[in-house]
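# Notes for the structure review
Here is what each chain is made of, one letter per residue.
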Amino acid sequence: MPFFKTRYTGASVFFALAVMMAAASPQGRVLAQDTPEPGWPLDIPSRYLTSNFMEYRGGRFHAGIDLKTNSETGYAVRAVEDGYISRIRTTPFAYGRVVYQRGDSGKTYVYAHLMRFNDQLRVRVRQAQKKAGNYRTSLSLSSDEIRVRRGDVLGLSGQSGTGGPHLHFEVRDGNQQPLNPMDQGFAVADTFPPVIHSISAWPVNQDALANGSNLEQVITVPAGSGRLPELSFQGPVAFSARIVDAADIRGHRLEPKVIEVYLDDALVYRCSNEVYS
């Protein structure tokens with residue numbers, strides 16, 4: 001875990017910012033003991049992320065993970081556990097062709113941007129589109145209409161509703177709140193630590209100073225050093241940090257899962273991307 005300290009002059013207080021991504025290994029999986037291991041949603045040997053959970057996207061957060069499909073379409077998308085199809089939607093934008101599966105565990109799984117649905121779902125969608133005279137459609141299904149088993153093909157991966165081929169995959173709880181898929185049995189190997197690139201400091205009131213100034217100070221972490229230069233503060237100062245994580249050699253820019261702030265080795269702030277309301 002990278003660990004950075006900045007000294008406050010005039011007092012023996014240290015500001016420390018620690019970042020870690022806990023989705024890298026099997027230890028990141030949180031499953032009930034009587035719940036079988038879920039299947040993987042995408043029929044492709046490699047497992048790379050192009051986006052992860054709660055990545056910020058201009059006024060909203062990413063509600064799932066994006067699985068890389070090597071800039072290709074047509075990979076089989078499979079049900080990750082036994083359950084039933086609870087909803088099917090088609091739209092030119094957003095999730096495009098998307099399947100919602102309610103698992104027997106009570107969780108809902110979302111498979112988005114499909115190139116096509118399997119034959120059974122395709123028939124239902126085409127009937128609804130013909131009846132409505134519109135491509136856009138949304139079908140809600142009861143638990144006894146379309147049952148699926150773990151591993152059943154739900155459709156083929158694509159890029160409907162988006163600009164590039166990938167599978168957007170979500171896990172939601174019984175109240176439809178998105179959960180971090182990395183904690184629900186869908187962890188992707190990660191051996192690359194997140195990196196703090198810079199920290200911004202803002203004096204909170206007119207009497208506060210950062211490096212002798214009442215203006216925002218942007219402090220860059222020298223590449224490869226892992227340490228911030230020494231800073232001086234007077235009065236209350238607010239901080240933000242630019243942090244980037246990469247899960248693999250492909251170098252896609254991801255969000256760190258956990259951010260912790262320490263003062264004198266005491267934890268004073270912690271946020272963890274586990275549930276997205």
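Owing to the predicted nature of the structure, the values given are computational and were not obtained by experimental measurement. One numbering rule holds for all chains: residues counted from 1, following each sequence as written. Totals for whole chains, interfaces and linings use all residues, but because this is a predicted model, local features are given only for residues with pLDDT of at least 70 and pairs of side-chain atoms are given and counted only at 80 or more. Excluded from the side-chain calculations are hydrogens and water; all other atoms, namely the structure's heavy atoms, are used.

### So, the overall build of the protein
Secondary structure follows DSSP: runs of H or I at least 4 residues long count as helices, runs of E at least 2 residues long count as strands, and numbering of each begins at the N terminus. The secondary structure content of the protein amounts to 1 helix and 20 strands. Sorting the 277 residues of the protein into buried and exposed places 46% on the buried side. It only takes one pair of heavy atoms within 4.5 Å for two residues to be counted as in contact. When contacts within the protein are restricted to residue pairs at least 6 apart in sequence, those whose partners lie at least 24 apart make up 66%. Here the protein displays about 13900 Å² of accessible surface, and carbon together with sulfur accounts for 49% of that area. Whether a residue is buried, partly exposed or exposed follows from its accessible area with a 1.4 Å probe, protein chains only, as a fraction of its type maximum: under 20%, in between, or over 50%, in that order. Accessible surface is estimated by sampling points in the Shrake-Rupley manner with a 1.4 Å probe; for residues, cover comes only from the protein chains shown.

### Details of the nonpolar core
Generally speaking, a soluble globular protein has its nonpolar side chains buried in company with each other. The criterion is simple. A nonpolar core is a set of buried Ala, Val, Leu, Ile, Met, Phe, Trp, Tyr and Cys residues joined through side-chain atoms within 4.5 Å. Counting residues in each nonpolar core, the largest one holds 34 residues, and the members touching the most others are L42, I85, I88, V99, Y111 and F169. Secondary structure elements with two or more residues in this core: β4 (65–68), β6 (83–90), β8 (108–117), α1 (119–132) and β12 (166–172). Residues A210, L231, V237 and I243 belong to the second largest nonpolar core, which totals 11 residues.

### Quick word on the pattern of salt bridges
We count a salt bridge whenever a side-chain nitrogen from Lys or Arg sits within 4 Å of a carboxyl oxygen from Asp or Glu. Summed over all chains, the structure comprises 10 salt bridges. Between E170 and R172 there is a salt bridge; the shortest N-O distance is 2.9 Å. Like R172, E170 is buried. The closest approach of N and O atoms between D183 and K257, which form a salt bridge, is 2.6 Å. Of this pair, D183 sits in the loop between β13 (178–179) and β14 (195–203) while K257 sits in the loop between β18 (237–244) and β19 (258–263), and the two are 74 residues apart along the sequence. Here the two residues D183 and K257 agree in accessibility, since each one is buried. Three or more residues are tied together by salt bridges with common partners; here these are E55, R57 and D66.

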